[in-house]
Amino acid sequence: MPFNSLKYFLFLPIVYLIFYFVGERVRWCVLLAASLMFYTALNVPYLLVILVLVAMTTYAFGIWLDQAESANAKHALLWSGVAVNVLILVVMKYLPFLSENLKALSTILSLDVQIQPIKAFVAIGVSYYVFQAISYLFDIYLEIEKPERHFGYFALYLAFFPKLLQGPIERAGDLLPQIKAKFEFKYENMRFGMLLLTWGLFKKVVIADRLGIYVDAVYNNVHSFSGLTLLMATYAYAFQIYMDFSGYTDMALGSARLFNINLTQNFNSPYLASSIADFWRRWHISFSRWILDYIFKPLQMQLRSWRNWGTAIALFVAFLVSGLWHGASWGFVMWGGLHGLFLACSVFYKPYQKKLHKSLGLEKTTLLRVWQIFVTFNTVSFTWVFFRAKSIPDALYVIINIISNTKISLSNIVNSILPFTNDNSAISHLVTLIFICTVYSLLKTNYLLEPKHKYLAVVLVIIVFLGKFATNSFLYMGY
């Protein structure tokens, strides 16, 4: 049930009204039932089985971890619980990728091995709640949290419908207390939740889906284009994926806020980042925190005797995993590896970079800040090519053609856009481009979320007249 569908805008108020009028003791039941119905609406029955399996096994391992007396027993239980969750994730997402690559390897090595292709499962949401389950087990092992004994609360912690399909990836210490808290109607939460829902819908149907028309036309057939068209499609994708994913997050946060639940803010103006490290402090924040706490830090501790080299290797490995988490393809691995490589290199050059800026008199200047934002945005956009392209060869074709064939002029820009418009949509695309600039300038101020919303009616009108209502799924729903 996508957030940008009519079904969801019927589902949400019905759930809220039932939740509001029932007794306090059964409100968690309403949210859990609604979450299971929400997942069932995907019409993939085995997904519900996987969710219940993850919930039951993680709940049990959490209690066993707390009851274990010896360090060895705790260690064994932790890694057993993690292994079960990882195995579920591998079966659901990576078996076809593994079989294809094993088949290719056997061909290269001339091995007489018959490896049958494996059909891919639909795994919507699995990556998110499996990572959430793993963080829960680690937090119990590290004695940061105590296990939740109420299975209903724990199941709701994993399955809460606003964050089920695309996150945020919540920590037990943040979400469970809010689930258990007594509900009191708060006008401010209702108002803010509705505004976030509207703002997120605007980002999705007016900006992301409109940009998607251009991006899909180019990236689905990159060899038919070159130069400026590929460059513009790459920049358009950078904004498409941001508006799509942050739009989903706004709608998730808005939906949860109606129930007095504050989910993690996943974005903080990422394209205003001054470095790749800064980008990851602003982009998919709940995920980057997870990668930092449960992969990078443990690896860094293991490699601490290697000093800077240990930190660099830990960063590279952590972001390789982040790439693979997004999907079973070499494009995602390359994307994660590039981010890991940039971060690993920064470990060595950052001290010299600061000295250089100071010697040139650029330290803390606006000029330096603008230059760093420009470089970081273009570096991130470069990595998005591997994320969006259908294959590594397609990505390399895009990059080579952008470098060798891009000629920027007003006529070339117009000629790159016009083939993808028609009489009915040209004005819409033009308005969309104007709004991208406007929205981007408002990202830091959240102007539309201030108390007096004289522009709210304008946003609603724009959604109605310029929104692309084809219930396009959110991009990150597939990761």
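Residues numbered from 1 in each chain as written. Predicted model: local features only at pLDDT ≥ 70, side-chain atom pairs only at ≥ 80, totals over all residues. Heavy atoms only, no water.

A. Broad picture of the overall build of the protein chain. Regarding its fold elements, the protein chain presents 20 helices and 0 strands. For the protein chain, with 479 residues in total, the buried portion stands at 52%. By sequence separation, contacts in the protein chain at least 24 residues apart represent 76% of the contacts at least 6 residues apart. About 23,200 Å² of surface is accessible on the protein chain, with carbon and sulfur atoms providing 66% of the total. (Helix = DSSP H or I, 4+ residues; strand = E, 2+ residues; numbered from the N terminus. Buried < 20%, exposed > 50% of the residue type's maximum accessible area, 1.4 Å probe, protein only. Contact = heavy atoms within 4.5 Å. Areas by Shrake-Rupley, 256 points an atom, 1.4 Å probe, with all protein chains shown as cover.)

B. Local environment of the environment of P298. Locating P298 in the fold gives a position in helix 13 (residues 285-302). Spatially, the C-alpha atoms of P298 and A314 are 8.6 Å apart, while their sequence positions differ by 16 residues.

C. Layout of the pattern of salt bridges. Applying the stated criterion across every chain yields a total of 13 salt bridges. One salt bridge in this structure joins R149 and D66, with 2.9 Å as the shortest N-O distance. Remark: D66 occurs in helix 3 (residues 45-67) and R149 occurs in the loop between helix 6 (126-141) and helix 7 (151-159); sequence separation between them is 83 residues. Judged by relative accessible area, which is 25%, D66 ranks as partly exposed. Across the pair D216 and R388 runs a salt bridge whose closest N-O atoms are separated by 2.9 Å. (Salt bridge = Lys/Arg side-chain N within 4 Å of Asp/Glu carboxyl O.)

D. Looking closely at the nonpolar core. Of all hydrophobic cores here, the largest spans 137 residues; its most connected members are V126, F161, F259, Y271, W283 and W384. Take this core: its biggest share by element is 18 residues, from helix 11 (residues 228-257). (Core = buried A, V, L, I, M, F, W, Y, C linked by side-chain atoms within 4.5 Å.)

E. Examining the packing of aromatic side chains more closely. By the definition in use, this model includes 62 aromatic pairs. Judged by centre distance (6.1 Å) and plane angle (70°), the rings of Y8 and F38 are edge-to-face. You can see Y8 sitting in helix 1 (residues 6-21) and its partner F38 sitting in helix 2 (residues 27-40), a full 30 residues away along the chain. On the basis of relative accessible area, F38 is assigned to the buried category, the value being 0%. Ring geometry for F38 and F161: centres 5.7 Å apart, planes at 45°, overall tilted. Of this pair, F38 sits in helix 2 while F161 sits in helix 8 (residues 161-164), and the two are 123 residues apart along the sequence. (Phe/Tyr/Trp six-rings, centres within 6.5 Å; stacked < 30°, edge-to-face > 60°.)

F. View of a nonpolar patch on the surface. A surface patch of nonpolar side chains, about 660 Å² in accessible area, is lined by L98, L102, L105, I108, L109, L111 and V113. Mapped onto the elements of the fold, L109 is located in the loop between helix 5 (95-108) and helix 6. (Patch = residues over 30% accessible without salt bridge, like charges linked within 9 Å, V, L, I, M, F, W, Y side chains within 5 Å.)

G. Representation of the packing of helix 2 against helix 3 within the structure. Taken N-terminus to C-terminus, the directions of helix 2 and helix 3 make an angle of 140°; their axes are 8 Å apart at the nearest point. The angle between the axes of helix 2 and helix 3 places the two elements in the oblique class. Here L36, Y39 and T40 of helix 2 come into contact with helix 3, specifically with L47, L48 and L51. Tallied by class, the residues present in the contact of helix 2 with helix 3 amount to 5 nonpolar, 1 polar and no charged. (Axes fitted to C-alpha atoms, helices over the stretch in contact; angles between N-to-C directions. Parallel < 35°, antiparallel > 145°, perpendicular 65-115°, else oblique. Nonpolar A, V, L, I, M, F, W, Y, C, P; charged D, E, K, R; others polar.)

H. Region of interest: the confidence of the model for the protein chain. On average, residues of the protein chain score 87 in pLDDT, and 85% of them are at 70 or above. Confidence scores differ between elements of the protein chain, with helix 19 (residues 426-442) showing the lowest mean pLDDT of 52 and helix 7 the highest of 97. In the model, residues 442-449 has pLDDT below 50 throughout and makes 16 contacts with residues more than four positions away in sequence or in other chains. (pLDDT = per-residue confidence, 0-100.)

I. Representation of the side chain of N260 in the model. Counting through the fold element by element, N260 comes out in the loop between helix 11 and helix 12 (276-282). Overall, the relative accessible area of 17% leaves N260 in the buried class. Dropping the residues within four chain positions of it, N260 is found in contact with Q178, F183, E184, K186 and N189.

J. Examining unusual backbone geometry more closely. Note that the residue after G167, namely P168, is joined by a cis bond; omega there is 10°. The phi angle at H284 is positive, at roughly 45°, despite the residue not being glycine. Considering the arrangement of structural elements, one finds H284 in the loop between helix 12 and helix 13. You can call H284 buried: its relative accessible area is 1%.

K. Seen up close, the environment of V218. Tracing the backbone through its elements, the reader meets V218 in helix 10 (residues 187-219). Sequence separation between V218 and L230 is 12 residues, and the spatial gap between their C-alpha atoms is 6.9 Å.

L. Spatial organisation of the packing of helix 1 against helix 2. Running from amino to carboxyl end, helix 1 crosses helix 2 at an angle of 160°, the nearest separation of the two axes being 9 Å. Taken together, the axes of helix 1 and helix 2 lie roughly antiparallel to each other. By crossing handedness, the relation of helix 1 to helix 2 is classed as right-handed. Across the interface between the two elements, Y8, F11, V15, I18, F19 and Y20 from helix 1 touch R27, V30, L31, A34 and F38 from helix 2. (Left-handed = near helix turned anticlockwise from the far one by under 90°.)

M. Region of interest: helix 4 (residues 71-93). Between its terminal C-alpha atoms helix 4 stretches 33 Å, which fits the 33 Å expected from 23 residues at 1.5 Å a residue. For helix 4, the complete set of buried residues consists of K74, L77, L78, G81, V82, N85, I88, L89, M92 and K93. On its buried face, helix 4 is in contact with helix 3, helix 5, helix 6 and helix 14 (308-326). (Expected span 1.5 Å × (residues − 1).)

N. Region of interest: the environment of I313. As for its position among the elements, I313 is in helix 14. Taking relative accessible area as the criterion, I313 reaches 32% and is therefore assigned partly exposed. Between the C-alpha atoms of I313 and F296, which are 17 residues apart in sequence, the distance is 9.2 Å. Contact partners of I313, with chain neighbours within four places excluded, come to L303 and W306.

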